[in-house]
Amino acid sequence: MDIHEYQAKEILARFDVPVPRGGLAYSPEQASYRCTEIGGSAWVVKAQVHAGGRGAAGGVKICYSDHEVQDVANSMFGRRLVTKQSAPRGKLIYRVYVEEATDIARELYFGIVLDRRIERVCIIASTEGGMEIEELATSKPEALIRTTIEPAVGFLEFQAREIAFALGLPPTLTAQATRVFRRAYRAFRDLEATMLEINPLVVTTKGSLVAVDAKMSFDDNALFRHLEISELRDRSQEDARESHAADRGLAYVGLDGNIGCMINGAGLAMATMDMIKLAGGEPANFLDIGGGASPERVLKAFRAVLHDKNVETMLINIFAGINRCDWVAQGIIDAFKQLEVKIPVVVRLAGTHVEEGQAMLRDSGLPIITADSLADAAQKAVAVVGSVSAG
Ligand code: GDP
Ligand code: MN
């Protein structure tokens, strides 16, 4: 789960990582009022959306009067911000964060991520702050300073000091930097984050360190332990299809194609995505109904897939072990009865109670296209979606 910049900064501040003074605004008037509260003579208005790269997309603006802040906020509210990291539709701006402007001497990069390959938390730092890390990793990989954390001992002081040296920070800043790095790590660890990024971490002209931008993501599987983090969830920033499915306990990932998929098991789902691609089609989603799915669950999954307006054909691929083909068939029949199914549906059933399931579909008289292998199902779905699109 992702959170907003201002929320990540609140968390960092709680762990004593220095952040600029700022305040949230839901209206242009509130934004200008924030200037008075904060004081000073320059402010930054920052669109709060779950996507990086806002600066380049016009989502971060420096202003020199409260009027300007109000105007800038006014132009941001209600807009969808399209950044390099957002989906093409962009993300709705309905809150902005107003901060005192920071006088920047140097912009650094500091990030904490899970390196799944080595099964360790990894700290990444760089003198090239402000640039996106993905870009940096390809264009200038030698500029990345990597530190691996041993889970049994944690992030040690000498490691933090080494990062400070590698960043070329002056001796006067070493102690402060070491503290900032380790406090950020503590926030990451205590809250079971999967990512924490401070980009840029700034050295101010006065010679202190400030987190000018902050991003955090959390492990969904650990959220039950962190109510205060769950409360930060902002559905307006999520893929509507995924929120709908997640609320119903379905494992669903939204994709950009037009073939809706309902599959049991992540492995089979991946194989099915591959087969659809091989047959020349594009999946609209990745949906795993899991094991032992009841007809009600199948119906819910059906509804979740139809929820996506881009879906022109549905492919149901079930290799039943713990699942039962007759239950799945019942769910499909119920879906046809209860939902308006106007698109072609291709079904491939195999495994437990397959004869019963197939007989139920046959006897239902519903316009279901049956397939007898994964390849056959993918080809039929792609063929039928081609004819739907053409017609
Ligand atoms: P992002 O584009 O979504 O990563 O948003 P950031 O918060 O990182 O802002 C983008 C860039 O705007 C930063 O890299 C800075 O160069 C600049 N910026 C942001 N806040 C300030 C500020 O307070 N003062 C100055 N001078 N520049 C800022
Ligand atoms: Mn940034």
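Lining the immediate surroundings of ligand 1 are 17 residues, of which Lys46, Arg54, Gly55, Thr102 and Glu107 lie closest. In this structure, Thr102 approaches ligand 1 through a main-chain N or O atom, which is 2.8 Å from an oxygen atom. In this structure, Asp213 approaches ligand 1 through a side-chain N or O atom, which is 3.0 Å from an oxygen atom. For ligand 1, the protein covers 79% of the area, taking 560 Å² as the surface of the free molecule. Those elements that place two or more of their residues in the shell around ligand 1 are β2 (43-47), β3 (60-63), β7 (104-115) and β10 (193-204).

Moving on: the state of the cysteines. In the structure shown here, the tally under the stated rule is zero disulfides. Cys63 provides the cysteine sulfur closest to Cys35, a residue in no disulfide bond, and the two sulfurs are 7.5 Å apart. Here Cys35 falls in the buried class, since its relative accessible area comes to 2%. Left without a disulfide partner, Cys261 is nearest to the cysteine sulfur of Cys325, which lies 18 Å away.

Following both chains from N to C, one finds helix α11 (residues 325-338) and helix α12 (residues 354-364) inclined at 20°, their axes separated by 7 Å at the closest point. Put simply, α11 runs roughly parallel to α12. In this structure, the crossing between α11 and α12 has a hand that is right-handed. Side by side, α11 and α12 meet where Cys325, Asp326, Ala329, Gln330, Ile332 and Ile333 of the first sit next to Val354, Glu356, Gly357, Met360, Leu361 and Ser364 of the second. Along the lines of polarity and charge, the residues of the contact of α11 with α12 split into seven nonpolar, three polar and two charged.

Around a metal, the ideal angle is 109.5 degrees if four donors adopt a tetrahedral arrangement and 90 or 180 degrees if six donors adopt an octahedral arrangement. Coordination of the manganese ion (ligand 2) by the protein is provided by Asn199 (O) and Asp213 (OD), with metal-donor distances spanning 2.1 to 2.2 Å. Taken together, the residues span a long stretch of sequence, with Asn199 in strand β10 and Asp213 in the loop between β11 (209-211) and β12 (215-218) at a distance of 14 residues.

Let us look at the environment of Gly365. Mapped onto the secondary structure, Gly365 falls in the loop between α12 and β18 (368-371). On a C-alpha basis, the gap between Gly365 and Ile333 in space is 9.7 Å, while along the polypeptide they are 32 residues apart.

Here Asn199 and Pro200 are connected by a cis peptide whose omega angle stands at 10°. Residue position: Pro200 is located in strand β10. Phi angles above zero are rare outside glycine, and Asp16 is one such case at about 65°. Residue placement: Asp16 occurs in the loop between α1 (5-14) and β1 (22-25).

Parameters and conventions
Residues numbered from 1 in each chain as written. Chains lettered and ligands numbered in written order. Predicted model: local features only at pLDDT ≥ 70, side-chain atom pairs only at ≥ 80, totals over all residues. Heavy atoms only, no water. Near = heavy atom within 4 Å. Polar contact = N/O pair within 3.5 Å; in protein donor to acceptor, adjacent residues only side chain to side chain. Areas by Shrake-Rupley, 256 points an atom, 1.4 Å probe, with all protein chains shown as cover. Helix = DSSP H or I, 4+ residues; strand = E, 2+ residues; numbered from the N terminus. Disulfide = S-S within 2.5 Å. Buried < 20%, exposed > 50% of the residue type's maximum accessible area, 1.4 Å probe, protein only. Axes fitted to C-alpha atoms, helices over the stretch in contact; angles between N-to-C directions. Parallel < 35°, antiparallel > 145°, perpendicular 65-115°, else oblique. Left-handed = near helix turned anticlockwise from the far one by under 90°. Contact = heavy atoms within 4.5 Å. Nonpolar A, V, L, I, M, F, W, Y, C, P; charged D, E, K, R; others polar. Donors = N, O, S within 2.8 Å, 3.2 Å for Na, K, Ca; no water.

Nothing here speaks to function; it is geometry throughout.
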